[in-house]
Amino acid sequence: MNKTIDIQITKTNDSKLAGTNFENLSFGQIMSDHMFVADYVDGEWKNFSIEPYAPLELNPANATLHYGQSVFEGLKAYKNENDEILLFRADANQRRLNESAKRMCIPELPEEIFMEGLRELLEVDRDWVPDQAGCSLYIRPFIFATDDYLGIRPSKTYKFMIFTCPVGHYYAKPVSVKVETKYTRAAEGGTGQAKAAGNYAGSLYPALLAQEQGYDQLLWTDGKNHENIEESGTMNVMFIINDILITAPTTKGTILKGITRDSVLTLANEMGLKVEERFLSTTELKEALETNKLQEAFGTGTAATIAHIDRIHVGGQDYILPEKPATAFSHKVLETLDALKYGRIADTHGWIIKV
Ligand code: COI
């Protein structure tokens, strides 16, 4: 591949690789040895470097710390049987990063900086991509404002960075969820669709209240009437009722346009499952639970992959979902996604990029 950006590479002389236990990986605790960094200064992206992973020095007046002008992405790299590194739908993450950036008044990041920075970083840290079953290298690209200025206006300077961490499962077991009808994650006209830092900060308190009551996550409802189900904590959410897969549409700007969501919908169509992108109301959900018509409920996300839901609190009541048979769609789609990501079946969708 032709290189269009010049990346200054400084390798660590203090690698953490040998001291890392790859047999017992959780999510997001161990960072790999290097990070990619670029600066936005004087109206352009420049100063491309790969450096040893290290803390940043921040001025206390840094605009991100005060006003949250910051967006991020999450994607994964996998190792196949031939020790090659496969990236899953990185182009979609690159596009979504720029969509989020636009909403938060952050300058667009050209595709070649994202892709070449990422490829080069993966080359340098290729030994960090786990080959243990079910494990992968989680990749966190992000952009944040770096002006040291307390007035409210878009920053004039930014940093784009990528770092990675070897990870296992985000959810080690099926999740319990509570339908949230008081607090709001996103409203029409707001920032819900952007992968913006503040969306996650605002969700922490309501999620904590639910966790104190014994639930893992919330099922967010619309900000107007708290009637339609939108998404879950770190995932889009899908239901199968009467053999139809139902998931909220992303047309109102309140829901993250999940890349796993899109992949699952594509595969569902190919597997012949009927798909309806429409809002499921809490009333309909409760009814489906009471009449045993809810066959499956699961979250979809990069970190979570497919997270089975085994308990739902809605309308003041808890409902336990029966264990899903091996033939359940959520099992089958997870198997197919994994087979694609680890290169065990042919990529007919153009989703895999070999590094
Ligand atoms: C992801 O699935 O990549 C996410 O961004 C969820 C994250 C907040 C852990």
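Residues numbered from 1 in each chain as written. Predicted model: local features only at pLDDT ≥ 70, side-chain atom pairs only at ≥ 80, totals over all residues. Heavy atoms only, no water.

Student: Looking at this structure, how should I read the environment of Glu188?
Tutor: Here Glu188 shows up in the loop between β9 (175-179) and α4 (197-212). Discounting chain neighbours no more than four positions away, the residues touching Glu188 are Lys252 and Thr254. (Helix = DSSP H or I, 4+ residues; strand = E, 2+ residues; numbered from the N terminus. Contact = heavy atoms within 4.5 Å.)

Student: Sorry if this is basic, but what is going on with unusual backbone geometry here?
Tutor: Excluding glycine, most residues fall at negative phi; most peptide bonds, likewise, are trans. Residues other than glycine seldom take positive phi values, yet Arg89 does so here, at roughly 55 degrees. As for its position among the elements, Arg89 is in the loop between β6 (85-88) and α2 (90-103). We note that His226 has phi near 50 degrees; this positive angle belongs to a residue other than glycine. Examined against the element boundaries, His226 turns out to sit in the loop between β10 (217-221) and β11 (229-232). Under the relative-accessibility criterion, His226 is labelled buried at 15%. (Buried < 20%, exposed > 50% of the residue type's maximum accessible area, 1.4 Å probe, protein only.)

Student: I tried to follow the packing of α2 against helix α3 (residues 111-124) on my own but got confused; where do I start?
Tutor: Packed helices, taken two at a time, are described by the angle between their axes plus the distance between the axes. In contact at an axis separation of 10 Å, α2 and α3 are set at 135 degrees when each is read in the N-to-C sense. In terms of axis orientation, α2 runs oblique to α3. Between α2 and α3 the crossing geometry is right-handed. Between α2, through Ala90, Asn93, Gln94 and Leu97, and α3, the contact on the second element is made entirely by Glu111, Phe114, Met115 and Leu118. In terms of residue class, the contact of α2 with α3 is built from 5 nonpolar, 2 polar and 1 charged. (Axes fitted to C-alpha atoms, helices over the stretch in contact; angles between N-to-C directions. Parallel < 35°, antiparallel > 145°, perpendicular 65-115°, else oblique. Left-handed = near helix turned anticlockwise from the far one by under 90°. Nonpolar A, V, L, I, M, F, W, Y, C, P; charged D, E, K, R; others polar.)

Student: What am I meant to see in the packing of aromatic side chains here?
Tutor: In this description, an aromatic ring pair is defined by two values, namely the gap between the centres and the angle between the planes. For the structure shown, the criterion picks out 17 aromatic pairs. Where Phe36 meets Phe160, the ring centres are 6.0 Å apart and the plane angle is 65 degrees; that geometry is what we call edge-to-face. Here Phe36 is found in strand β2 (residues 34-41), whereas its partner Phe160 is found in strand β8 (residues 158-167), with 124 residues between them in sequence. Across the pair, Phe160 and Phe36 agree in class, each one buried. In this structure an aromatic cluster arises from ring pairing among Phe27, Tyr138, Tyr170 and Tyr171. (Phe/Tyr/Trp six-rings, centres within 6.5 Å; stacked < 30°, edge-to-face > 60°.)

Student: Sorry, what's going on with a negative patch on the surface here?
Tutor: The grouping of Glu23, Asp83, Asp127 and Asp131 at the surface amounts to a negative patch. Structurally, Asp131 is set in the loop between α3 and β7 (136-145). (Patch = residues over 30% accessible without salt bridge, like charges linked within 9 Å, V, L, I, M, F, W, Y side chains within 5 Å. Areas by Shrake-Rupley, 256 points an atom, 1.4 Å probe, with all protein chains shown as cover. Salt bridge = Lys/Arg side-chain N within 4 Å of Asp/Glu carboxyl O. Lys, Arg positive; Asp, Glu negative; His and termini not counted. Charge placed at Lys NZ, Arg CZ, Asp CG, Glu CD.)

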